[in-house]
Amino acid sequence: MPQAPYAELSPSPRLLLGPGPSNVHPRVLRALGKPLLGYLDPEFLAILDEIGAMLRAVYGLDGGLALPISGTGGAGMEAALANLLEPGDTAVIGVNGFFGERLALIAARQGASVVTVNAEWGRVLDPEAFRESLRRQDRVKLVAVVHAETSTGVLQPLRELAAIAHEREALLLVDAVTSLGGSPVSMNETGIDFAYSATQKCLGAPPGLSPIALSERALEALAQRRQPPATWYLDLALLRQYWEGPNRVYHHTPPVPLLYALHEALRLVLEEGLEARFARHQRHGRALRAGLEALGLRLLVPESYCTPQLTAVLVPEGLDEAALRGALREEHNIEIGGGLGQLRGRVWRIGLMGESSTAANVLVLLAALEALLPRFGFEVPHGAGVSAASRELGRR
Ligand SMILES: *Cc1c(COP(=O)(O)O)cnc(C)c1O
């Protein structure tokens, strides 16, 4: 028999503790291997309906529209901005990290006039600055912020921002890529009009889908567009004709196995329960931070607004941060992330997202860091990280 020129893949079973992807449950991996169905098969359409219903539950959305966009989180971001904005509209965008910058960049590509409200990376955005910015504009179509800024680990409070946007009849768009499934998003209760996420962070599915959700108010805004969006692939008016209603109109072939995986991941989220899941992320985030500080490391974000699913750690002066990440990967089989944008080389980003957020993972990582840091010139107190984290885990 002729030999295939390349060997069958055997990727290492890494512990994924970076900014995403996170590890997935074996049930989710098994879902990927189930038999394919055609995109108009009634069995498949029933699966799509269940995914829509589960997404509404996870987003805390009544009415409106929820569906997964084919593509990663960036596709959801682009779908949101391309559908909500028209040339000449004004958007006020919060920028306190890499993904806020990306929101502003993509909004400008829609021909919108973009006004940014800025804060230092690692600090929270001030609602009063939004109020002031909105006061200075004639008519603002959209206010947009990142909920959990994965470049820094800041969790942005949203309620007051929603009230400020709605006072001026603007819509609130929220990047929930890292928050959904790990921290409360509660669209209706919070007053969010459009949110997008990604499957590979706290939802516990592989990358490749971007679940989005729209309030009734956002749907009305889409209906009032003067012209269709320049993007055809991400045009929500067209996508909706396939995802909803009795006459499913072909738009594009959906990535069937990824949708199976998302279905199973959402079942796992709802089996655990949203409140229990948020508490789990909180508990493990707290334990990690306690352990890192006990090792003598400093964190970028103050405790009062840090997000539990991503912790940015300041790299000690003079330490070769990329080499340490390499050693973690090669010797301990653990992935963590480096810094993005202006924090490149200055922080490590440790993710505890979805299935990856476990007590065992916190302890394994702290033990590995304790073993490696001295070799990179940073002395650590023996056993301090693991015992501080254990104490925190034991607290009720
Ligand atoms: C990961 C991430 C994105 C981009 O998602 P991709 O799946 O990489 O396209 C956008 N926003 C935030 C906050 C993220 O963490």
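Cut-offs and rules
- Residues numbered from 1 in each chain as written.
- Predicted model: local features only at pLDDT ≥ 70, side-chain atom pairs only at ≥ 80, totals over all residues.
- Heavy atoms only, no water.
- Helix = DSSP H or I, 4+ residues; strand = E, 2+ residues; numbered from the N terminus.
- Rg over C-alpha atoms; globule rule 2.2 N^0.38 Å.
- Buried < 20%, exposed > 50% of the residue type's maximum accessible area, 1.4 Å probe, protein only.
- Contact = heavy atoms within 4.5 Å.
- Areas by Shrake-Rupley, 256 points an atom, 1.4 Å probe, with all protein chains shown as cover.
- Lys, Arg positive; Asp, Glu negative; His and termini not counted.
- Charge placed at Lys NZ, Arg CZ, Asp CG, Glu CD.
- Disulfide = S-S within 2.5 Å.
- Near = heavy atom within 4 Å.
- Polar contact = N/O pair within 3.5 Å; in protein donor to acceptor, adjacent residues only side chain to side chain.
- Nonpolar A, V, L, I, M, F, W, Y, C, P; charged D, E, K, R; others polar.
- Domains from an automatic or database assignment.
- Buried area = accessible area lost by both parts, 1.4 Å probe.
- Salt bridge = Lys/Arg side-chain N within 4 Å of Asp/Glu carboxyl O.
- Phe/Tyr/Trp six-rings, centres within 6.5 Å; stacked < 30°, edge-to-face > 60°.
- Pairing = 2+ DSSP bridges.
- Axes fitted to C-alpha atoms, helices over the stretch in contact; angles between N-to-C directions.

**Let's talk about the overall build of the protein**
Then step 1. Within the protein one finds 14 helices and 15 strands.
Then step 2. Whereas a compact globule of 396 residues would reach a radius of gyration of roughly 21 Å, the protein reaches 22 Å, a difference of no more than 12%.
Then step 3. Each principal axis of the C-alpha atoms in the protein carries an extent, and together these give about 70 × 65 × 45 Å.
Then step 4. Burial status across the protein gives 56% buried among its 396 residues.
Then step 5. Long-range contacts, defined as pairs at least 24 residues apart, comprise 72% of the intrachain contacts of the protein with a sequence gap of at least 6.
Then step 6. For the protein, the accessible surface area stands at approximately 17000 Å², while carbon and sulfur atoms represent 53% of it.
Then step 7. Positive and negative side-chain charges of the protein, numbering 37 and 42 respectively, have mean locations separated by a distance of 2 Å.

**What to know about the state of the cysteines**
Then step 1. Within this structure, the stated rule accounts for zero disulfides.
Then step 2. Free cysteine cysteine 306: the closest other cysteine sulfur is in cysteine 202, separated by 14 Å.

**Here's the deal with the environment of arginine 159**
Then step 1. Following the sequence through the fold, arginine 159 ends up in helix α6 (residues 159-167).
Then step 2. Each C-alpha atom, one on arginine 159 and one on proline 127, is 9.6 Å from the other, the two residues being 32 residues apart in sequence.
Then step 3. Beyond its immediate chain neighbours, meaning those up to four positions away, arginine 159 contacts Glu189 and Thr190.

**Some details on unusual backbone geometry**
Of all residues except glycine, most have a negative phi; of all peptide bonds, most are trans.
Then step 1. Cis geometry marks the peptide bond from glycine 20 to proline 21, where omega comes out at 5°.
Then step 2. Mapped onto the fold, proline 21 is located in the loop between β1 (15-16) and α1 (26-32).
Then step 3. The phi torsion at glutamate 169 lies on the positive side, around 55°, for a residue other than glycine.
Then step 4. In this structure, glutamate 169 sits in the loop between α6 and β8 (171-175).
Then step 5. For serine 186, which is not a glycine, the phi torsion comes out positive at approximately 40°.

**Some details on the site of the ligand**
Then step 1. Neighbouring the ligand are 13 residues, the closest being Thr72, Gly74, Thr150, Asp175 and Lys201.
Then step 2. For the ligand, an oxygen atom lies 2.7 Å from a polar atom in the backbone of glycine 74.
Then step 3. A total of 380 Å² of accessible area belongs to the ligand in isolation, and the protein chains cover 88% of it.
Then step 4. Ranked by residue count, the leading element in the shell around the ligand is helix α3 (residues 73-84), at three residues.
Then step 5. For the shell around the ligand, the class distribution of residues is five nonpolar, six polar and two charged.

**Looking at the domain arrangement of the protein**
Then step 1. The assigned domain composition of the protein is domain 1 (26-271) and domain 2 (274-394).
Then step 2. A C-alpha centroid distance of 29 Å is found between domain 1 and domain 2.
Then step 3. When the two sides are added together, the surface that domain 1 and domain 2 hide from each other amounts to roughly 2100 Å², 63% of it contributed by carbon and sulfur.
Then step 4. Between the two partners, domain 1 and domain 2, sit zero salt bridges.
Then step 5. Counting across the domain 1 and domain 2 interface gives eight residue pairs in polar contact (both at pLDDT 80 or more).
Then step 6. Where the side of domain 1 that touches domain 2 is concerned, the elements lending two or more residues are α2 (42-59), α4 (98-109) and β7 (154-155).
Then step 7. A per-class count over the side of domain 1 that touches domain 2 returns 13 nonpolar, eleven polar and two charged.

**A look at the packing of aromatic side chains**
Then step 1. Counting across every chain of the model gives four aromatic pairs.
Then step 2. Each ring, one from tyrosine 242 and one from tryptophan 243, has its centre 6.4 Å from the other, and the planes form 85°; the classification is edge-to-face. Each member of the pair, tyrosine 242 as well as tryptophan 243, carries the same accessibility label: buried.

**A short note on the pattern of salt bridges**
Then step 1. Counted by the stated rule, this structure contains 23 salt bridges.
Then step 2. Residue glutamate 132 is joined to arginine 135 by a salt bridge in which the shortest nitrogen-to-oxygen separation is 2.8 Å. Of the two residues, glutamate 132 and arginine 135 both sit in helix α5 (residues 127-136), three residues apart, roughly one turn of that helix.
Then step 3. Arginine 277 is the partner of glutamate 272 in a salt bridge, and the nearest nitrogen-oxygen pair spans 3.0 Å.
Then step 4. The exposure class of glutamate 272 is partly exposed, given its relative accessible area of 28%.
Then step 5. Beyond isolated ion pairs, a larger network of salt bridges with shared partners links Arg27, Glu264, Arg267 and Glu271.

**Focus on the sheet that holds strand β9 (residues 194-196)**
Then step 1. Spatially, β2-β10-β9-β8-β5-β3-β4 is the arrangement adopted by the seven strands of the open sheet, whose pairing is mixed. Here the strands that pair on one side only, and so sit at the sheet edges, are β2 (65-70) and β4 (113-118). Direction aside, the axes of adjacent strands within the sheet are offset by 20° on average.
Then step 2. With three bridges connecting them, strand β3 (residues 90-95) and strand β5 (residues 142-146) associate as parallel partners. Paired with alanine 91 across the two strands is leucine 142, which belongs to β5.

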